[in-house]
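Chains, contacts and geometry: an overview
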Amino acid sequence: MFALLGTGAVFAGTRTGTGEPSSVSAVESPTATPTPTATVPPARPVPGTATAASRLRTCSVAGLAADARLANFQAQVVNATTGEVLFDRGGTTPSATASVLKVVTSAAALSVLGPDYRASTTVVKGSEPGQVVLVGGGDLTLSRLPSGAEPFYTGAAHLDDLAAQAHAAWDADPANAGVPMTSLVLDSSYFSGPGWDDGWARSELGLGYMPEITALMVDGDRDNPSRSTSPRSEDPIARAGQAFADALGGGVTVTQGTAPAGAAQLAVVQSQPVSTLITQSLIVSDNTLAEMLARLTAIKSGAGNDFASLQQGVVGGLAAYGIDTSGIVIKDGSGLSPANAVAPAYLTALFIKINAREGNLGVIFDGLPVAGGPSGSLSYSDRFSGANAAADGAVFAKTGWITTGYTLSGVIRSADGTPLTFAVYALGNVSDNAKQAIDTITTGFFRCGDNLSNN
């Protein structure tokens with residue numbers, strides 16, 4: 001009975017009048033636990049290409065670079081085989097180059113003119129009876145010395161040859177029968193603008209390092225046609241004109257003007273080819289030839305025929321070499337102006353191509369002075385002397401000097417056999433002994449070779 005009663009009580013307790021389950025005995029469904037979202041850690045960054053190990057170089061020239069004689073020092077040295085920059089001090093900053101600029105001018109000339117281009121000087125008939133016109137074509141090497149006598153510019157054309165041709169052609173023309181040459185007109189219009197750059201010290205004229213730049217002159221306008229350094233005149237056109245009048249036999253009046261359009265040519269002579277002119281310019285750092293090459297390059301490129309055209313003409317001529325020319329400033333062709341600016345890094349890149357003799361650039365290498373060589377601006381007794389003679393025969397480079405700096409740039413066949421290209425500038429308050437400091441650090445580059453440290 002107790003069992004039955006308990007069971008009933010249980011059933012009674014589980015039902016209500018409403019028929020709904022009692023809240024006391026209700027069973028609730030548990031709240032579902034959310035499934036966590038898997039977190040993927042971000043990929044660690046990795047280089048796109050493997051970084052090659054850099055060689056630890058231990059040969060330092062830091063002490064040599066600190067030489068006070070170098071003043072405001074800039075330099076760059078590059079392994080010419082790999083292109084790796086081994087040493088750099090302000091190498092990307094364009095600065096005054098002095099005569100090292102002649103390398104840049106020569107490279108532009110080879111690109112625009114080509115190695116075989118020759119400048120011509122002509123004689124044509126004038127507009128009046130008995131008149132001839134001497135037309136300058138930019139050959140500043142034309143010599144007034146008689147044929148057979150060798151001027152400073154070896155192989156130059158001679159005025160007496162031009163005069164002989166002119167007489168022969170004049171006499172052969174029936175229209176000139178009985179009409180002698182009585183008038184000579186000098187045409188120098190192939191170049192325009194001032195003949196002297198504002199950045200040049202006028203003393204260079206009397207010292208014999210630079211002439212007025214005109215399209216018509218003889219012997220680089222030297223007083224002495226056989227000497228490299230010789231005072232120049234105030235009027236190179238007049239000097240050339242008088243020399244040609246004498247070669248014609250005298251008795252002619254001389255004036256300046258321009259040739260008639262389409263005038264008949266009576267005679268022509270030509271300069272040595274550009275390849276020879278470059279060699280003659282680089283070995284002794286001849287300013288006249290560098291200005292001649294720069295001006296002819298500007299004319300041939302269509303940039304113009306004055307100093308202002310050199311920026312476009314020369315820099316445009318360099319484009320073919322594929323080296324960034326940003327920042328280059330060209331005021332002249334010789335480097336005498338302190339306003340010229342080329343970064344050492346441009347020169348080291350250009351000399352890689354020169355060393356490899358790309359295109360026609362081998363012409364430049366062949367014209368470079370050599371330390372301890374038999375001739376040229378690195379053969380002098382104060383260059384690569386003493387301990388620096390260790391680099392004799394191994395440094396092929398262009399020298400440079402203006403009152404505000406000394407420079408040297410070229411190729412080194414280093415002691416370990418590595419070819420290096422280099423450029424060194426010592427700028428600012430410098431004296432003549434900056435040359436020896438430049439030679440010393442260059443010899444340091446030679447000794448270090450590919451072990452040259454940038455520290």
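In this report, the structure presented in the accompanying data block is examined. Not measured: the values here are computed from a predicted model. (Residues numbered from 1 in each chain as written. Predicted model: local features only at pLDDT ≥ 70, side-chain atom pairs only at ≥ 80, totals over all residues. Heavy atoms only, no water.)

1. A few points about helix 6 (residues 236-248)
The first and last C-alpha atoms of helix 6 sit 18 Å apart over 13 residues, in line with the 18 Å expected at 1.5 Å per residue. Buried residues along helix 6 sit against strand 3 (120-125), strand 4 (131-135), helix 4 (159-172), strand 5 (183-187) and strand 6 (253-256). With its phi angle positive at about 115°, Gly 249 sits one or two positions after the end of helix 6. (Helix = DSSP H or I, 4+ residues; strand = E, 2+ residues; numbered from the N terminus. Expected span 1.5 Å × (residues − 1). Contact = heavy atoms within 4.5 Å.)

2. As for unusual backbone geometry
Unlike most non-glycine residues, Ala 71 shows phi in positive territory, near 50°. By the secondary structure assignment, Ala 71 is in the loop between helix 2 (62-65) and strand 1 (72-79). Judged by relative accessible area, which is 32%, Ala 71 ranks as partly exposed. (Buried < 20%, exposed > 50% of the residue type's maximum accessible area, 1.4 Å probe, protein only.)

3. Focus on the sheet that holds strand 7 (residues 265-270)
Within the open sheet, the five strands sit side by side as 6-5-4-3-7. Their pairing is mixed. Two strands lie at the open edges of the sheet, namely strand 6 and strand 7, each paired on one side alone. Strand-to-strand twist of the sheet, defined as the mean angle between neighbouring strand axes without regard to direction, takes the value 20°. Across five bridges, strand 3 lies against strand 7 in antiparallel orientation. When the bridges of strand 7 are listed, Val 123 appears paired with Ala 267. Set on the sheet, helix 4 makes contact with strand 3, strand 4 and strand 7; between it and strand 7 the angle comes to about 160°. Against the sheet, helix 6 makes contact with strand 3, strand 4, strand 5 and strand 6, and its axis sits at roughly 145° relative to strand 5, the strand it touches most. (Pairing = 2+ DSSP bridges. Axes fitted to C-alpha atoms, helices over the stretch in contact; angles between N-to-C directions.)

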